[in-house]
Amino acid sequence: MPESDETRGLFARLKKTRESLAANLSGLFGPGSAVLDDAAFEDLGDQLILADLGVEVSTQIVATLRRQAVSTRVETKEQLNSVLRMKLLEILQPSVRPLDFPAASAKPWVVVMVGVNGVGKTTTAAKLAHWFTQQDLKVMLGACDTYRAAAIEQLQVWGQRLAVPVIAQQRGADAAAVAHDALNSAQARSVDVLIIDSAGRQHVNTELMEQLRKMNRVIQRLDGSAPHETLLVVDAATGQNALAQVGAFAASVGVTGLCVTKLDGTARGGVLVALAQKFQLPIYFVGVGESVNDLRPFDAEAFVTALIGEGG
Amino acid sequence: MFSQLGDRLKETFRDLRGRGRLSEDNISQALREVRLALLEADVALPVVKSFLEGVQQRALGEKVLDSLTPGQAVVKVVHDELVELMGARNDALNLAVRPPAVVLMAGLQGAGKTTTAAKLALLLKDRENKNVLLSSVDVYRPAAMEQLRKLAEEVGVAYFGDGDDALAIARDAVAHATTHVMDVVIIDTAGRLHVDDEMMMEISRIYNEVSPVETLFVADSMSGQDAVNSARAFDQALELTGVVLTKTDGDARGGAALSIREVTGKPIKFLGTGENVEALEAFHPDRVASRILGMGDVLTLVEEVERKVDRKQAEQIAAKLKKGKGFDFEDFKNQLIQMEQMGGLAGMLDKLPGMTDLPDHVKNRVNDRETRRTIAIINSMTARERLFPALIKGSRRRRIAGGSGSQVQDVNRLLKQFTQMQKMMKKAKGKGGLAKMMGQMKGGTPGMPPFGR
């Protein structure tokens, strides 16, 4: 598929999101209503909160806009929109980084998927596998969610569809042992990329978090530098709890980047702005649908446009 | 869940409670804090606004300002408004139709529909003696049907459903339940976005085909401001009868719980409280409001104790102690297992009044690893050793440590604590059993220092 189509696809999917926020904003600063009074800024803050940016970041952005409105004489909707856009991009831009297979990497390059329950780890693991096979890389999947019923079968179905081998044991097996197995056979078959799917867990569950650390320790016996990437999967519909999730997973297993799923709904995914501001982690991918092709590198411009419209 | 929201509110109220006199300014200031706390908890903005209006009106009423403890009175107003927001009482499932009663599960992807369907089946089977059929019509997600089939087996109910025509499976499942004279059919549907018109049409058709008596919207407690939009859209498409809030064992502040009920007017009927198939609780708005405001939820705890504690076993132990016989490792193990079944120490702490005031670092150390480790050590003892712990000397200690994957020091510590416990049990002769043990918990349960070593 040509690049422009993909971009359009993302735009179309995010259109609904954009429309609602843009409509709200244009209501505030429509032609003729040039007065940017306190109530207008308060409403802007409310709109940002509704988009899940959170109280702290929203308040901060509104304060910045207020200052700039005074010093640079922002009077119209277009002007304000452009200042808002710049502010959001300034926060998000540092998080735009591609997840490239490092050519000089020790093989296999090990990518571990982590996250709370139901965010879409297994589906994202499959999409990532597809992403890397498209680059002619030899990919393998490790089914280390040995807890949820039929999680293994789910990944195996994906493996068959994508013609990617899946290393698995029976349900209830030790996840660390499966990971060890998977890395072992990935090494033996000189696989380029090994993607390990893990069971969803609540980040406050110290015991399950410890099991994740154990999995890392076990694979490090085979490769001291593994895992090379630990991707935290975050549901775009998540509210402020996403901050706690990233904080806890980062502290316990060292998250190296984020994948944001389900951005094709009406959830604005505004918590991404708060995440980018607080953690400065790369946002590698966004998921915009259920098919394997619905994984896109994060594009801050497109995201901001989807959030606040094209003006500015 | 809810505890962090509670923390925020309590800070605000601590100040208010102590004041002998309140001005309108005091109240407005406190309400601004409440607004912040609610928004940080992801309560939907429109809901926050109407909630605060309600509180303000009632708080400024004369009764509050004139009462002897106006701060306390404001807290009461917030409590009452919270209860009202969440629905005044618990609404149970209404299954009073000619069987089979059909329950339809609906929601976004990853909300936890399949797990909840299985939990619900177990609850109906165990507590209401229903003959339940689980059926998945999720023909999209790979292995979704397999997941429910496995869970059905796990909770011990029948499963029906195969193929790629969701509507046909739903129809056949109900027919199957009718011919097999079953009480309830729970139909699990594929996760879908409320803006996906095609998929929403599909679930409407299923709804019309099977005429469910209960249509439950399964919602993730971690969701943000958008939760109300999806809930509203599902409600319009399906006429929901209730909501199940999942993943409440995390630290989400539960704003979605307060918003969904307000926006749809549909009661929250259950909370999913963990990964285990037993982790489903009836939702009691008044108790949750109390939990949010740090007043504890003792009622739920009492109910859990009543339901899960094996009365016979407890009485046996009590009788044994009365006769002056020793409390042995076998008894200890049984008590530990019962405690685990009640959601463990962490689950119980959450419901005790005042416990939410514990500092976080203390709370985080309360986990049930120690309990499980202790059970493992006891499992590695022979029957004779359990009856006569005095037998356990050097080489036996090493064997037990090896067998349970622990250190000799762990075994030593357990033996020492057990001896103390035996002494205590002798003193408490007659009153023994779990009640006594629970009473001791504040000072540290023997055998399992609750706050780590």
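Residues numbered from 1 in each chain as written. Chains lettered and ligands numbered in written order. Predicted model: local features only at pLDDT ≥ 70, side-chain atom pairs only at ≥ 80, totals over all residues. Heavy atoms only, no water.

Asks: Can you walk me through the overall build of chain B in this structure?
Replies: Along chain B, the regular secondary structure elements total 22 helices and eight strands. When each of the 453 residues of chain B is scored for burial, the buried share is 55%. At a minimum sequence separation of 6, the contacts of chain B that also span at least 24 residues come to 74%. Just so you have it, chain B exposes about 19700 Å², and 49% of that area is on carbon and sulfur atoms. (Helix = DSSP H or I, 4+ residues; strand = E, 2+ residues; numbered from the N terminus. Buried < 20%, exposed > 50% of the residue type's maximum accessible area, 1.4 Å probe, protein only. Contact = heavy atoms within 4.5 Å. Areas by Shrake-Rupley, 256 points an atom, 1.4 Å probe, with all protein chains shown as cover.)

Asks: Looking at this model, I keep getting lost on the nonpolar core. Mind explaining?
Replies: The nonpolar side chains of soluble globular proteins are, as a tendency, buried together. The biggest cluster of nonpolar side chains holds 102 residues, and the ones touching the most others in it are Leu128(A), Phe132(A) and Ile195(A). Here the element with the most residues in this core is helix 4 (residues 77–92) of chain A; it accounts for seven residues. In this structure, Ile195(A) is in contact with Val111(A), Met113(A), Ala125(A), Leu128(A), Ala129(A), Phe132(A), Val139(A), Met140(A), Leu141(A) and Gly142(A), ignoring residues within four places of it in sequence. Ranked by size, the runner-up nonpolar core spans 101 residues in total, among them Ala170(B), Ala177(B), Ala231(B) and Ala256(B). (Core = buried A, V, L, I, M, F, W, Y, C linked by side-chain atoms within 4.5 Å.)

Asks: Got a minute to help me understand the pattern of salt bridges in this structure?
Replies: Close approach of charged atoms allows side chains with opposite charge to pair. Enumeration over the complete set of coordinates arrives at 29 salt bridges over all chains. In this structure, the salt-bridge partner of Arg171(A) is Glu154(B), at a minimum N-O distance of 3.1 Å. Residue Arg171(A) is found in the loop between strand 3 (166–167) and helix 7 (175–188), and its partner Glu154(B) is found in helix 7 (residues 144–155); the two belong to separate chains. For Arg171(A), a relative accessible area of 33% gives the class partly exposed. When its relative accessible area of 43% is taken as the criterion, Glu154(B) is described as partly exposed. (Salt bridge = Lys/Arg side-chain N within 4 Å of Asp/Glu carboxyl O.)

Asks: Explanation requested: unusual backbone geometry in the structure shown.
Replies: Trans peptide bonds make up the majority, and among non-glycine residues the majority have a negative phi. For the bond from Ala226(A) to Pro227(A), the omega torsion is -10°, close enough to zero to count as cis. Assignment of secondary structure puts Pro227(A) in the loop between helix 8 (206–220) and strand 5 (229–235). Cis geometry is adopted by the peptide bond preceding Pro100(B), which originates at Pro99(B) and carries an omega value of 0°. Here Pro100(B) lies in the loop between helix 5 (70–86) and strand 1 (101–107). Of note in the backbone geometry, Ser211(B) takes a positive phi value of approximately 40° without being a glycine. Mapped onto the secondary structure, Ser211(B) falls in the loop between helix 9 (197–210) and strand 5 (214–220). Classification of Ser211(B) as exposed rests on a relative accessible area of 53%.

Asks: I'm lost on the sheet that holds strand 8 (residues 295–297) of chain A in this one. Help?
Replies: Within a beta sheet, neighbouring strands are joined by backbone hydrogen bonds and run either parallel or antiparallel to one another. Residues and elements named next belong to chain A. What the eight strands build is an open sheet, ordered 3-2-4-1-5-6-7-8; its pairing is mixed. Since the sheet does not close on itself, it has two edges, and those belong to strand 3 and strand 8, each with one partner. As paired elements, strand 2 (residues 139–144) and strand 3 share two bridges and run parallel to each other. In the strand pairing of strand 3, Leu-141 is matched with Val-166. Where helix 5 (residues 121–133) meets the sheet, its contacts fall on strand 1 (109–114), strand 2, strand 4 (193–198), strand 5, strand 6 (257–261), strand 7 (283–287) and strand 8, and the angle it forms with strand 4 comes to roughly 170°. (Pairing = 2+ DSSP bridges. Axes fitted to C-alpha atoms, helices over the stretch in contact; angles between N-to-C directions.)

Asks: Looking at this structure, I do not really get the packing of helix 5 of chain A against helix 6 (residues 151–162) of chain A. What am I missing?
Replies: Relative orientation and spacing of two packed helices are given, respectively, by the angle between their axes and the distance between those axes. Residues and elements named next belong to chain A. The N-to-C vectors of helix 5 and helix 6 enclose an angle of 20°; their axes lie 10 Å apart at closest approach. Of the possible angle classes, the one that applies to helix 5 and helix 6 is roughly parallel. The element helix 5 and its partner helix 6 pack so that their crossing is right-handed. For the pair helix 5 and helix 6, contact is made by Thr-122, Thr-123, Ala-125, Ala-126, Ala-129 and His-130 and by Gln-154, Leu-155, Trp-158 and Leu-162, respectively. Considered class by class, the residues forming the contact of helix 5 with helix 6 number six nonpolar, four polar and no charged. (Parallel < 35°, antiparallel > 145°, perpendicular 65-115°, else oblique. Left-handed = near helix turned anticlockwise from the far one by under 90°. Nonpolar A, V, L, I, M, F, W, Y, C, P; charged D, E, K, R; others polar.)

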